[in-house]
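What follows is each chain in one-letter form.
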Amino acid sequence: MQLCPARPDDTMIERICMAIDLPAPAGRRIALIAHDNKKQDMLEWAEYNLALLTGHELFATATTGRLLQEHLGLPVTCFRSGPFGGDQQIGARIAEGGIDLLVFLWDPLEPHPHDPDVKALLRVAVVCNIPIACNRATADFLISSPLMDRAHQPWDPAADPAQRDHSRTGPEAVHRVA
């Protein structure tokens, strides 16, 4: 966390800033997850972006990772299948700071028995401030963004005192400025 001038009058407010003085990452740690009805979309997306993906470290749930390895030859670290804890394993990696970007092609029109795990995964990704793509269009924008080659200041919500006191909701609460 960094204090940055919010206005020309040098008033300081708490702010999360993109670090511009950190070294550029050699590659991002990208988690790839696709529900059954979205596996073909994930394969097509990964094939289309194969040249971009090869410069990054890839993680995936079991079946998605196996498909990417077998069909495209991508090196992928595989976790368990989503319904058997894979979504939770990736969520834990995000919370530990071990994942930089999540591409999660989920099917909003199908019921999933592990829906609480899906919601928990999306929640931890939002809380930890990592980019999330839930469809191919957003995934294309993220993977091709010039920001992929720039350092991003990590944010640990557990270290942020404003996150510990959830009762602060009025004007006295700390406001975040992007």
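Scroll up for the structure.
What counts and what doesn't
Residue positions are counted from 1 within each chain, in the order its sequence is given. Predicted model: local features are reported for residues with pLDDT of at least 70 only, side-chain atom pairs are reported and counted for 80 or more only, and whole-chain, interface and lining totals are derived from all residues. Side-chain metrics in this entry use all non-hydrogen atoms of the structure; hydrogen atoms and water are not considered. Comment: elements are numbered from the N terminus, with helices defined as DSSP H or I runs of at least four residues and strands as E runs of at least two. For the exposure calls, accessible area comes from a 1.4 Å probe over protein chains only, and a residue counts as buried if that area is under 20% of its type's maximum, exposed if over 50%, partly exposed in between. Note on contacts: a residue pair is in contact if any heavy atoms of the two residues lie within 4.5 Å. Using a 1.4 Å probe, accessible areas were evaluated by the Shrake-Rupley method; residue-level cover was limited to the displayed protein chains. Whenever Lys or Arg places a side-chain nitrogen within 4 Å of a carboxyl oxygen from Asp or Glu, that contact is recorded as a salt bridge. At least two DSSP bridges between two strands are required for those strands to pair. All axes are obtained by fitting lines to C-alpha atoms, using only the stretch in contact for helices, and the reported angles, taken between N-to-C directions, cover 0 to 180 degrees.

(A) Local environment of the overall build of the protein. Secondary structure assignment for the protein yields seven helices and seven strands. From first element to last, N terminus to C terminus, the protein shows the α and β order β-β-β-α-α-β-α-β-α-β-α-β-α-α. Relative to its 178 residues, the protein shows a buried fraction of 38%. A sequence separation of at least 24 residues applies to 66% of the contacts in the protein between residues at least 6 apart. Total accessible area computed for the protein in this model is approximately 10300 Å², and 56% of it derives from carbon and sulfur atoms.

(B) Structural view of the pattern of salt bridges. Inspection of every chain in the model, using the stated rule, returns five salt bridges. When the shortest N-O distance is used, the salt bridge between Asp100 and Arg29 registers 2.8 Å. In this pair, Asp100 sits in the loop between helix 4 (86–95) and strand 6 (101–105) while Arg29 sits in strand 3 (residues 29–34), placing the two residues 71 residues apart along the sequence. Given a relative accessible area of 27%, Arg29 falls into the partly exposed group. Each of Lys38, Asp41, Glu44 and Arg136 takes part in salt bridges that share partners, so that together they form one network.

(C) Expanded view of the pairing of strand 3. Counting buried positions along strand 3 yields five of six residues, so the element is predominantly enclosed. Bridge count between strand 3 and strand 4 (residues 57–60): four bridges; the pairing is parallel. Among the inter-strand pairings, Leu32 is bridged to a residue of strand 4, identified as Ala60. Where strand 3 meets strand 6, five bridges bridge the pair, whose relative direction is parallel. What sits directly across from Leu32, in strand 6, is Val103.

(D) Here's a closer look at the sheet that holds strand 7 (residues 132–133). Strands sit in the order 5-4-3-6-7 across an open sheet of five strands; the sheet is parallel. Each having just a single partner strand, strand 5 (76–78) and strand 7 make up the two edges of the open sheet. Relative to strand 5, strand 4 runs parallel, the two being bridged by three bridges. Note on strand 5: the bridge partner recorded for Phe59 is Thr77. Against the sheet, helix 1 (residues 39–48) engages strand 3 and strand 6, with an angle of about 145 degrees to strand 3.

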